[in-house]
Amino acid sequence: MKIRVATVEELPQVAAFGAAFYRETGMPGTFEPEKFVAVWAKLMELEIGVILGLEHNGVVVGWLAAILAPDVYDGRWVAQECFWYTIPTHRGTYPLRLIHAYKEWALSKGVAKRDIRIACMEGANPEQLEGFYRKLGFKPLERHFYYAGD
């Protein structure tokens, strides 16, 4: 297993994983690969976005995408995971390497440990995932809600 940074040229391949994540977690709305590619290309160009790939025998089996942004209250840098998806046949301990690589990336960008954030999607077995995150040293911060309409 090997972790590496995605290139802009690989973004269409990453988009396929993003679409699978979107479907599996029950995200609202639609996934638009072209917009995904355009947004991530810009984030990567500005060096505030990274997508880390998990390779097994030369084939990428998972991706973790994250961004940097200034905290709205004091301007310190905060890292936020945007999606973390590994194909079902390669889940288990290997995807953990993506989280470790994400933490290393964030720290290398000057983000304090307490400002490395990771999401727990409601559609992605949240109880199990929350326990997993706690074992890695993450603590719950807040829950986000979206307006589903009347």
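Okay, so let's go over this structure. All figures in this text were calculated on a predicted structure; none of them were measured in a lab. (Residues numbered from 1 in each chain as written. Predicted model: local features only at pLDDT ≥ 70, side-chain atom pairs only at ≥ 80, totals over all residues. Heavy atoms only, no water.)

**Focus on the environment of Glu32**
- Along the chain, Glu32 turns up in the loop between helix H1 (11-25) and helix H2 (33-45).
- Sequence separation of Glu32 and Ala19 is 13 residues, and the distance between their C-alpha atoms is 8.2 Å. (Helix = DSSP H or I, 4+ residues; strand = E, 2+ residues; numbered from the N terminus.)

**Examining the pairing of strand S4 (residues 77-86)**
- Buried residues dominate S4, accounting for 7 of its 10 residues.
- Alignment of strand S3 (residues 59-70) against S4, held across 9 bridges, turns out to be antiparallel. Bridge pairing links Ala66 to Glu81 in S4.
- In this antiparallel pair of consecutive strands, S3 and S4, the connection spans 6 residues, and Gly75 shows a positive phi of 85°.
- Note: S4 against strand S5 (residues 116-117), 2 bridges, orientation parallel. In the sheet register, Gln80 faces S5, and the bridge partner there is Arg117.
- Note that the unit made of S4, helix H3 (residues 96-108) and S5 has a crossover that is right-handed. (Buried < 20%, exposed > 50% of the residue type's maximum accessible area, 1.4 Å probe, protein only. Pairing = 2+ DSSP bridges. Right-handed = clockwise from strand over helix to strand, strands pointing away.)

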